[in-house]
Amino acid sequence: MESLFQTLYSYVQENKVFRYLQTSEYRRAVSKVEEDWIRFRSMLTAEQEAYLDALLAQEEQVTLIEDEAAFCGALSIGIRFGRL
């Protein structure tokens, strides 16, 4: 079952998520975050920026694991509802 979840998760990430994020609200939010990151990073030393990048990479890994878990949980619920 785990490989089914992983396959479906990959499919959704590659083919479906983009479509759901095509809203002006999402684009505005992303643009604002990008501007703020550029401004913030301009104030960091090279050492601070390297440390920040390492922390962000770790956080990205954790977020990916959390996203996969949420997807698997939602899919599991959907499968159970489908059996009713």
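Please refer to the structure higher up on the page.
This is a predicted model, so every value here is computed, not measured.

Visitor: Could you clarify how one ought to interpret a nonpolar patch on the surface in this entry?
Guide: Together, Val-33, Trp-37, Phe-40 and Met-43 line one region of the surface with nonpolar side chains, adding up to about 400 Å² of accessible area. Looking at where Val-33 falls in the secondary structure, it is placed in helix α3 (residues 24-41).

Visitor: Got a minute to help me understand a negative patch on the surface in this structure?
Guide: Where like charges cluster on the molecular surface, the negative patch consists of Glu-59, Glu-60, Glu-66 and Asp-67. As for its placement among the helices and strands, Glu-60 is situated in helix α4 (residues 46-83).

Visitor: Looking at this structure, how should I read the pattern of salt bridges?
Guide: Side chains that differ in sign of charge can pair as their charged atoms come close. Scanning the entire structure with this criterion turns up four salt bridges. In this structure, the salt-bridge partner of Asp-36 is Lys-32, at a minimum N-O distance of 3.0 Å. Remark: Lys-32 and Asp-36 occur in helix α3; sequence separation between them is four residues, near one turn of the helix. Exposure remark for Asp-36: the relative accessible area of 28% places this residue in the partly exposed category. Assessed through its relative accessible area of 45%, Lys-32 is described here as partly exposed. Two residues, Arg-39 and Asp-36, come together in a salt bridge whose shortest N-O distance is 3.0 Å. Of this pair, Arg-39 and Asp-36 both sit in helix α3, three residues apart, which is roughly one turn of that helix. Of the residues examined, Arg-39 reaches a relative accessible area of 48% and is grouped as partly exposed. Bridged by salt links that share partners, the residues Lys-32, Asp-36 and Arg-39 form one connected network.

Rules of the game
Residues numbered from 1 in each chain as written. Predicted model: local features only at pLDDT ≥ 70, side-chain atom pairs only at ≥ 80, totals over all residues. Heavy atoms only, no water. Patch = residues over 30% accessible without salt bridge, like charges linked within 9 Å, V, L, I, M, F, W, Y side chains within 5 Å. Areas by Shrake-Rupley, 256 points an atom, 1.4 Å probe, with all protein chains shown as cover. Salt bridge = Lys/Arg side-chain N within 4 Å of Asp/Glu carboxyl O. Helix = DSSP H or I, 4+ residues; strand = E, 2+ residues; numbered from the N terminus. Lys, Arg positive; Asp, Glu negative; His and termini not counted. Charge placed at Lys NZ, Arg CZ, Asp CG, Glu CD. Buried < 20%, exposed > 50% of the residue type's maximum accessible area, 1.4 Å probe, protein only.

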